[in-house]
Amino acid sequence: MSVPRPAAVIVLAAGEGTRMKSQTPKVLHEVCGRALLDHMLQAARDLGPERLIVVIGHARERVGAHLAETSPDARAVVQREQRGTGHAVRTALEEAGTIAGTVLVTYGDVPLLRAETLAELLRRHAAEGNAVTVLTAEVPDPTGYGRIIRDSTGAVLKIVEEKDADPGQRAVKEMNSGIYAFDGLLLADAVKRVSTDNAQGEEYLTDVLSILREDGHRVGAHVAADFAEVEGVNDRVQLATARKALNQRVLERHMRAGVTVVDPASTWIDVGVEIEADAVVHPGTQLHGRTLVEAGAQVGPATTLTDTRVGAGAAVRNAVCDGAVVGPGASVGPYAYLRPGTVLGRDSKAGTFVEMKNSQVGERSKVPHLSYAGDATIGDDVNIGAAVVFVNYDGVGKHRSVVGDGAFVGCDTMLVAPVTVGDGAYTAAGSVIDGDVPPGAIGVARARQRNIEKWVLRRRAGTKSAAAAERALAEQEQQESGS
């Protein structure tokens, strides 16, 4: 049976989340590169709903702004007073209007809930012709959850919140996930009849099930295969648990697609990361944002990449890269830092203790060690010596340096931008280059060496340096007198 397309998905995201003890709204806390709310919205989108509605309340300005930026397809409905889940759904329907067809109600704090599980709920709902079908789970410890109360035939009678449950009901292991598939027209009528006669004085959405059953409609349930999917995130401990579980799911997906993850226990990969087959991810690696690792590339160990593209066959070791492009066959690290705007060409190198920012490095060019390239354009087949600095900032603005194809920049050269080193040109080691070097020329900008004899003996008398110099000079005099 195909998955029935829901007429609407309503995501409840109005709660304060006080147990998070955070200035950040609970639904905006991130797990594997995506806010809790966004995980749920993506699962909902995968069902192809005709309408996507999010009920917001606490910190509605921040949550609303987040939705406007990341989910323009979702309609935000404000629940100005948080008076329970039934009130939240009633608020959504009063603003959006009565919805004919299946209405799926879920929450913004269940990041592990898969679209496949929701699809199974929708199939069960349609196949049984239910007025409402609740998603349930058998859990080892149902503390804090509403209990599913069934009759002797297994049919769902009602849902009892823990605060209102008697000892026998609290012993029930089947919990209410709070996720439902409703007949939209029946929901619109029943939710108006929910009372506040309970321990919290709130409108419980769970009461809709009893109302529909008393009206003679069929109430069903679908048991989720994995109870972890429907567990909500209410504090930092549960947030970490969800992050670990989702990360493991992401790792398994990549490994089954042909990616080698050497040590899954120390590897963290965001849900938006793409990795091609035969890439290798070494221990201690974190891949964030929209990072792409192409076939055959080696990433890690101890590497963090954010929004970075690593070309086929490239190697990035012990490095931090943010918004960079590493070309095919290129080499980065160890201990390199590539900042936004850095683009390394095919078979190029950014070596040990190299930092780059907003710089383009041509094919087969090498910046092997101890150098900074800021706002630089480096051509093909260029060698940048050790301790070279592209001096790009004059205290007011940033300026660009250009190094032509086949050039050789000597060790400890300062290139003071704006400056151009022409094709095939050299710079002498220790030079401060603040003027253009023509193609094929060598730029030399350093003082001629001058040695002042016995300066240490006169100016540093009594030091270890002076004593060493006296011994050396005495030996030299003995050798010269003996000859």
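What counts and what doesn't
Residues numbered from 1 in each chain as written. Predicted model: local features only at pLDDT ≥ 70, side-chain atom pairs only at ≥ 80, totals over all residues. Heavy atoms only, no water. Helix = DSSP H or I, 4+ residues; strand = E, 2+ residues; numbered from the N terminus. Buried < 20%, exposed > 50% of the residue type's maximum accessible area, 1.4 Å probe, protein only. Salt bridge = Lys/Arg side-chain N within 4 Å of Asp/Glu carboxyl O. Patch = residues over 30% accessible without salt bridge, like charges linked within 9 Å, V, L, I, M, F, W, Y side chains within 5 Å. Areas by Shrake-Rupley, 256 points an atom, 1.4 Å probe, with all protein chains shown as cover.

Caption draft 1: Focus on unusual backbone geometry. Backbone torsion omega between Gly300 and Pro301 reads 10°, so that peptide bond is classified as cis. Residue placement: Pro301 occurs in the loop between β18 (298–299) and β19 (304–306). The backbone of Tyr335 sits at a positive phi, close to 65°, despite the residue not being glycine. Along the chain, the position of Tyr335 falls in the loop between β24 (331–332) and β25 (336–338). Of the residues examined, Tyr335 reaches a relative accessible area of 47% and is grouped as partly exposed. Although it is not a glycine, Leu370 sits at a positive phi angle of roughly 60°. With respect to the element layout, Leu370 can be found in the loop between β30 (366–369) and β31 (372–374). Of the residues examined, Leu370 reaches a relative accessible area of 51% and is grouped as exposed.

Caption draft 2: Local environment of the pattern of salt bridges. Overall, the coordinates contain 21 salt bridges when judged by the stated rule. The shortest N-O distance in the salt bridge between Asp73 and Arg45 comes to 2.7 Å. With Asp73 in the loop between α2 (60–70) and β5 (75–78) and Arg45 in helix α1 (residues 36–45), this residue pair connects regions lying 28 residues apart in the sequence. With relative accessibility at 43%, the residue Asp73 sits in the partly exposed group. For Arg45, a relative accessible area of 26% translates into the label partly exposed. Between Arg75 and Glu95 there is a salt bridge whose closest N-O contact spans 3.7 Å. Remark: Glu95 occurs in helix α3 (residues 85–96) and Arg75 occurs in strand β5; sequence separation between them is 20 residues. What emerges from the salt-bridge pattern is a single network uniting Glu81, Arg83, Arg90, Glu94 and Glu203.

Caption draft 3: Representation of a nonpolar patch on the surface in the model. On the surface, a nonpolar cluster with roughly 380 Å² of combined accessible area is contributed by Phe408, Tyr426, Ile442 and Val444. Turning to its location among the elements, Val444 is positioned in the loop between β41 (442–443) and α9 (455–459). For Val444, a relative accessible area of 51% puts it in the exposed group.

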